[in-house]
Amino acid sequence: MYIKLCSAVLDGLNIHHIEVEVDIQNGLPNFVIVGLPDMMVREARDRVMAAVKNSDFAFPVKKITINLAPAFIRKDGSGIDLPMALGILASTAQVQSEEIRSYFFFGELSLNGEVRPVRGLLPMLIQLLKNNVTRVVVPYANRYEACLIKGLLVYPVKNLKQLVAFLNGEEKLLPFENDIAILPQKETFGETDFSDVKGQETAKRAMEISAAGYHNIILVGSPGSGKTMLAKRLPTIMPEMNFDEVLETTQLYSVCGLLSENKYLISERVFRSPHSSISDAGLIGGSSNPKPGEVSLAHNGILFLDELPEFKRSTLELLRQPLGEREVTISRAACSATYPANFLLVAACNPCPCGYYFDSFRHCSCSPLQIKHYMGKLSGPLLDRIDLQLEVNRLSPEELVSAPQGDSSIQIKEKVWRAWGIQRSRFQGRKIRYNSGMQRREIEKYCRIDAESGKLLSSCVETMGLSARAYDKILKISRTIADLADSDRIQLEHVAEAVQYRIFDRKVWF
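*Asks:* Looking at this model, I keep getting lost on the packing of helix α19 (residues 451-464) against helix α21 (residues 492-500). Mind explaining?
*Replies:* The angle between the axes and the distance between the axes are what describe a pair of packed helices. Direction vectors running N to C along α19 and α21 enclose 20°, while the axes themselves pass 9 Å from each other. Between α19 and α21, the angle falls in the class roughly parallel. Crossing of α19 over α21 shows right-handed handedness. Of the residues in α21, those in contact with Glu452, Ser453, Leu456, Leu457, Cys460 and Met464 of α19 are Leu492, Val495, Ala496 and Val499. Along the lines of polarity and charge, the residues of the contact of α19 with α21 split into 8 nonpolar, 1 polar and 1 charged.

*Asks:* When you look at the pattern of salt bridges in this model, what are you seeing that I'm missing?
*Replies:* It is possible for side chains bearing opposite charge to pair when their charged atoms get close. In this structure the tally under the stated criterion is 25 salt bridges. Here Lys161 makes a salt bridge to Asp56, at a shortest N to O gap of 3.1 Å. Here the residue Lys161 occupies a position in helix α6 (residues 160-167), and Asp56 occupies one in the loop between α2 (44-54) and β4 (63-69), the gap between them amounting to 105 residues. Relative accessible area serves as the criterion here: at 42%, Lys161 is assigned to the partly exposed category. Here Arg116 makes a salt bridge to Glu108, at a shortest N to O gap of 3.9 Å. Members of the salt-bridge network, linked through shared partners, are Arg205, Glu208, Asp407, Lys415 and Glu497.

*Asks:* Please clarify how the confidence of the model for the protein chain should be interpreted in this entry.
*Replies:* Segments scoring low in pLDDT should not have their predicted coordinates read at a detailed level. On average, residues of the protein chain carry a pLDDT of 89, and 96% of them reach 70 or more. Throughout residues 180-185 the model reports pLDDT below 50, and contacts reaching past four residues in sequence, or to other chains, amount to 10 contacts.

*Asks:* Mind showing me how you'd approach the side chain of Asp387 here?
*Replies:* On the secondary structure map, Asp387 appears in the loop between α15 (380-384) and β18 (388-392). By relative accessible area, Asp387 is classed as buried at 1%. With residues near it in sequence (within four places) discarded, Asp387 still touches His215, Asn216, Ser436, Lys473, Ile477, Tyr501 and Arg502.

*Asks:* Please explain the state of the cysteines as it appears in this structure.
*Replies:* By definition, a disulfide is the covalent link that joins the sulfur atoms of two cysteine residues. Using the criterion set out here, one finds 0 disulfides in the structure. The thiol of Cys352 is unpaired, and the distance to the nearest cysteine sulfur, on Cys354, comes to 3.5 Å. The thiol sulfur of Cys366 is not disulfide-bonded, and the nearest other cysteine sulfur, from Cys354, lies at 3.5 Å. On the basis of relative accessibility, which here comes to 14%, the residue Cys366 falls in the buried class.

*Asks:* Would you mind showing me how to read the packing of aromatic side chains here?
*Replies:* Aromatic rings considered in pairs are described by the distance between their centres and by the relative angle of their planes. Per the counting criterion, the structure on display carries 12 aromatic pairs. Pairing Tyr357 with Phe358 gives two aromatic rings, centres 5.5 Å apart and planes at 35°, and the pair type is tilted. Cluster of aromatic residues (ring-pair linked, three or more members): Tyr103, Phe105, Tyr155 and Phe166. A cation over a ring is seen here: Arg424 above Trp417, with NZ or CZ 4.8 Å from the ring centre. Positioned above the aromatic ring of Tyr446, the side-chain terminus of Arg426 is 5.9 Å from the ring centre.

The rules we used
Residues numbered from 1 in each chain as written. Predicted model: local features only at pLDDT ≥ 70, side-chain atom pairs only at ≥ 80, totals over all residues. Heavy atoms only, no water. Axes fitted to C-alpha atoms, helices over the stretch in contact; angles between N-to-C directions. Helix = DSSP H or I, 4+ residues; strand = E, 2+ residues; numbered from the N terminus. Parallel < 35°, antiparallel > 145°, perpendicular 65-115°, else oblique. Left-handed = near helix turned anticlockwise from the far one by under 90°. Contact = heavy atoms within 4.5 Å. Nonpolar A, V, L, I, M, F, W, Y, C, P; charged D, E, K, R; others polar. Salt bridge = Lys/Arg side-chain N within 4 Å of Asp/Glu carboxyl O. Buried < 20%, exposed > 50% of the residue type's maximum accessible area, 1.4 Å probe, protein only. pLDDT = per-residue confidence, 0-100. Disulfide = S-S within 2.5 Å. Phe/Tyr/Trp six-rings, centres within 6.5 Å; stacked < 30°, edge-to-face > 60°. Lys NZ or Arg CZ within 6 Å of the ring centre and 35° of its normal.

Have a look at this one:
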């Protein structure tokens, strides 16, 4: 007997509809899965067989052929286990339902028939809703994740036996609806606050500008100068994500299998801080079936790279595409995938191997050649893509013993929020969200400067040897500074402040 059920597999953040065709004929006992399955799908044969038997159903001792159509699409993952088992039961008349073809089924089967959660369910359901699919059966552990998509009838099941009883009309199963009152609470960042930071007024101002315009930033300073402390407080001054941004970020975590029943929604801007030993695939994404890396997991949030020169140079060079295009494309022989990577890069490093090249209180023991070799790990094209570059000096003894002073995170956040409001109005109807995303046309329209400011910039181009990209970044930073000052026009003082945040263009190491 022949029967066909519906499911889907992921291709990046897109999906392919899969028809699970089950045919059972008389003949020597055999169980074959065709249609370009990967190893995980081929192993489903043993999982499905054990799950059916251990759920007290009869497994046919016949020739079983399962085709996953269309055959030219590679199928991976364990989410097709459930429709394959259900197809076998329907082909042997153990499931008798005319509506079985109107559902999409997802779920991995354990050997005892339990339905386990699957990765990437959220992006699949978003695409299915766009394709006018209305009813889906999902694992019980994925129920909260699935119900984020309004307009779908979501039926969560715990095991194969429960699903069969529901389809046969023996058990009532209502669509799951999540009460907004039980949505997970937003994460907090503990007691971290900018008011805890002593001194470092210039650095705190740079962090405010970074958050206000979504400008990448690098902090260079001695050990103990507060670089990491400042970086970890940056999320506390960034406005909350809207629901579209929440869904974008949550989809990526779903693909990586990082969601759970207790944490099924990424509602706060993430702060990712990978170790310097990370591989290329870990940072950018990869494997035979491309999965998101740290740059995508930091989407709509912050990617913090501490001790930047300790990363492999080849790994750092891979950042150039996502920094410029706000997405990353991973190509493999069998397939390719594109993931969003709109993150705010925050980097920190010492100015030399010993760390005390800039220090006023301790002598540097490094030779000029050692310093040049150490900082030479950071290529010019990479540094050119980092908007704000500043030196963070160690505190004086008087500053160390004094009480912390300065604005709190809430006060700074209010200023950042106002600047974001100005940018939303400015770029309404465009794909651009922040000043850092402006291209040449927007720069010419929104970053006009007067003659005096133009003269200052011309002088900087001549003396500092600014590239065209660095020139544009200074203009964009100036626009953000003007927004923070609630100024319609970019003034001379805004440009002068922006120029101060380009220490690598001043060649202080060479």
